[in-house]
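Structural features, examined
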Amino acid sequence: MTQYGSFPGSRPRRLRTTPAMRRMVAETRLHPADLILPAFVREGIGAPVEIGTMPGVFQHTRDSLKKAAVEAVEAGVSGIMLFGVPLEEKKDGLGTVGTDPDGILQQGLRDVRAEVGDDLIVMSDLCLDEFTDHGHCGVLDEQGRVDNDATLERYAEMAQVQADAGAHVVGPSGMMDGQIGVIRDALDQIGREDVAILAYTVKYASAFYGPFREAVGSSLTGDRKTYQQDPANVRESLRELALDLEEGADMVMVKPAGPYLDILARVADEVDVPVAAYQISGEYAMIEAAAQRGWIDRDRAIMESLTGIKRAGANMILTYWATEVARQLG
């Protein structure tokens, strides 16, 4: 005799039976428009230079940067975030090449805007670390400490120069107190009200930045723990968020992404502005290194990591796989 009720009445597995079924009921979807490509343009090289700790990522020449921008547009990527790598001998204590209208970052901005116009949101890293001989994100005082307010003056000038070079969006990443308000005022004073600010609102002093130091040719001595956030803390991230929004941030970012999905989710729940997350160099390098050794399925791991970031609340994701993934999604 058949017995009913001896097995589960609810069977969630019914909604996992086929790829089509799983796709239909998926709660989180990646789209090419979610993605932003970080890119490095380096002065004084004749061909792109692969970054040893980030296989598949290059320091671009001005010409190869333009090609990368076009490829990003064709793949459906929304934006590109530019970082400049100057000649070593041009670095100084104030990072003056970062505010030189003819500095490598400003040249890259103009090149990309000329190449793709408004088809790609051109973003610019607004920080001094690539341009200082000490590698810190600001101006140092006589005791060798980062001088917050003197640095803000440099950021204001940098914002104006980057806007004049064609940036649609500036991304202040130095974690100085008051940076968003100062930059907003500086942009408005030169009639650049339409230039948006993507605030690096949450930026932790992370070990996962390691490969990035090679990517930008960092000259850093010491660490950045006096201005980047302590990985142990949550409340200070929410305090930074409130301050950035009050000062006029148009979008906010959490960086790194993967190790801080809880923070990303908290930020996304708190705000009504777009939220970005930066899948940083160390996150990229770990997956690439493990895949090269055959320890993980590279493509599945990439997609899973990005889906997790999107699921946690990111509207936009900065990732070095942006163009590759956008092609796959397209």
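For the structure itself, look to the data block above.
Before going into details, it helps to say that this report is about the structure given with it. (Residues numbered from 1 in each chain as written. Predicted model: local features only at pLDDT ≥ 70, side-chain atom pairs only at ≥ 80, totals over all residues. Heavy atoms only, no water.)

Once that is clear, we can look at the overall build of the chain. Within the chain one finds eleven helices and ten strands. Since a compact globule built from 330 residues should have a radius of gyration of about 20 Å, the 21 Å found for the chain is in line with a globular shape. Projected onto the principal axes, the alpha-carbon positions of the chain cover approximately 90 × 45 × 40 Å. In the chain, which comprises 330 residues, the proportion classed as buried is 51%. Summed over all atoms, the accessible surface of the chain reaches about 15,300 Å², with 48% contributed by carbon and sulfur. (Helix = DSSP H or I, 4+ residues; strand = E, 2+ residues; numbered from the N terminus. Rg over C-alpha atoms; globule rule 2.2 N^0.38 Å. Buried < 20%, exposed > 50% of the residue type's maximum accessible area, 1.4 Å probe, protein only. Areas by Shrake-Rupley, 256 points an atom, 1.4 Å probe, with all protein chains shown as cover.)

Roughly 470 Å³ of volume is contained in the largest pocket. As for the largest pocket, its lining consists of 19 residues, of which Gly-56, Phe-58, His-60, Ala-68 and Glu-71 are closest to the centre. Those elements that place two or more of their residues in the lining of the largest pocket are β1 (35-42), β3 (58-60), α2 (62-75) and α11 (322-329). The element contributing the most residues to the lining of the largest pocket is α2, with four residues. (1 Å grid on protein atoms, 1.4 Å probe; cavity = no way out; pocket = protein on both sides within 12 Å on 5 of 7 lines; lining within 4 Å. Points joined across faces, edges and corners; volume = space filled by probe spheres on them.)

This part takes up unusual backbone geometry. The amide bond that connects Lys-255 to the next residue, Pro-256, takes the cis arrangement and shows omega of -5°. Examined against the element boundaries, Pro-256 turns out to sit in the loop between β8 (251-255) and α8 (261-270). Phi is positive for Met-175, which is not a glycine, with a value near 65°. Along the chain, the position of Met-175 falls in the loop between β6 (169-172) and α5 (179-189).

With 13 residues, helix α3 (residues 104-116) should reach 18 Å at 1.5 Å per residue; the first-to-last C-alpha distance of 18 Å fits that figure. Burial in α3 covers these residues: Ile-104, Leu-105, Gln-106, Gln-107, Gly-108, Leu-109, Asp-111, Val-112 and Val-116. In the stretch just after α3, Gly-117 is the one whose phi turns positive, near 60°. (Expected span 1.5 Å × (residues − 1).)

Turning next to the packing of α2 against α3. Where α2 contacts α3, the axes come no closer than 9 Å and their chain directions differ by 45°. Comparing their axes, α3 and α2 come out oblique. Classified by chirality, the crossing of α3 by α2 is right-handed. Contact with α2, carried on its side by Arg-62, Leu-65, Lys-66, Ala-69, Val-70 and Val-73, involves Ile-104, Gln-107, Gly-108, Asp-111, Val-112, Glu-115 and Val-116 of α3 and no other residues of that element. Residues that form the contact of α2 with α3 fall into these classes: seven nonpolar, two polar and four charged. (Axes fitted to C-alpha atoms, helices over the stretch in contact; angles between N-to-C directions. Parallel < 35°, antiparallel > 145°, perpendicular 65-115°, else oblique. Left-handed = near helix turned anticlockwise from the far one by under 90°. Contact = heavy atoms within 4.5 Å. Nonpolar A, V, L, I, M, F, W, Y, C, P; charged D, E, K, R; others polar.)

What follows covers the pattern of salt bridges. Considering all chains together, one arrives at 16 salt bridges under this definition. Via salt bridges that share partners, Glu-288, Arg-298, Asp-299 and Glu-324 belong to a single interconnected network. (Salt bridge = Lys/Arg side-chain N within 4 Å of Asp/Glu carboxyl O.)

Along the chain, Leu-238 turns up in helix α7 (residues 235-247). Counting along the chain gives 28 residues from Leu-238 to Arg-266, while the straight-line C-alpha distance between them is 8.1 Å. Leaving out residues up to four positions away in the same chain, Leu-238 has contacts with Arg-266 and Glu-270.

End to end, helix α10 (residues 298-312) covers 21 Å across 15 residues, agreeing with the expected 21 Å (1.5 Å per residue, within 8%). Restricting attention to buried positions, one finds in α10 the residues Ala-301, Ile-302, Met-303, Leu-306, Gly-308, Ile-309 and Ala-312. Residues of α10 that are buried make contact with α8, β9 (275-278), α9 (281-292), β10 (316-318) and α11. Capping the start of α10 is the job of one residue whose side-chain oxygen sits 3.2 Å from the backbone nitrogen of Asp-299: Asp-297. Where α10 terminates, the next one or two residues include Gly-313, which has phi positive at roughly 130°. (Polar contact = N/O pair within 3.5 Å; in protein donor to acceptor, adjacent residues only side chain to side chain.)

Moving on: a positive patch on the surface. A contiguous patch of positive charge, built from Arg-11, Arg-13, Arg-14 and Arg-16, is present on the exposed surface. With respect to the secondary-structure elements, Arg-14 resides in the segment before α1 (19-25). (Patch = residues over 30% accessible without salt bridge, like charges linked within 9 Å, V, L, I, M, F, W, Y side chains within 5 Å. Lys, Arg positive; Asp, Glu negative; His and termini not counted. Charge placed at Lys NZ, Arg CZ, Asp CG, Glu CD.)

Tallied over the full model, the rule gives six aromatic pairs. With a centroid separation of 6.1 Å and an interplanar angle of 50°, the aromatic rings of Tyr-278 and Tyr-320 are classed as tilted. Pair noted here: Tyr-278 is in strand β9 and Tyr-320 is in the loop between β10 and α11, with a separation of 42 residues, a long-range link. Ring pairing ties together the aromatic residues Phe-40, Phe-83, Tyr-278, Tyr-284, Tyr-320 and Trp-321, which thus form one cluster. Over the ring of Tyr-209 we find Lys-203; its NZ or CZ atom is 5.9 Å from the centre of that ring. Seen from the ring of Trp-295, Arg-293 lies directly overhead, with NZ or CZ sitting 5.8 Å from the centre. (Phe/Tyr/Trp six-rings, centres within 6.5 Å; stacked < 30°, edge-to-face > 60°. Lys NZ or Arg CZ within 6 Å of the ring centre and 35° of its normal.)

Turning our eyes to something else, we now look at the packing of α10 against α11. Helix-helix packing is characterised by the crossing angle of the two axes and by the distance between the axes. It is at 12 Å that the axes of α10 and α11 come closest, and there the two elements cross at 95°. Here α10 is positioned roughly perpendicular relative to α11, judged by the angle of their axes. Only Glu-324, Val-325, Gln-328 and Leu-329 of α11 make contact with α10, whose side of the interface consists of Arg-298, Asp-299, Ile-302, Met-303 and Leu-306. Split into classes, the residues belonging to the contact of α10 with α11 amount to five nonpolar, one polar and three charged.

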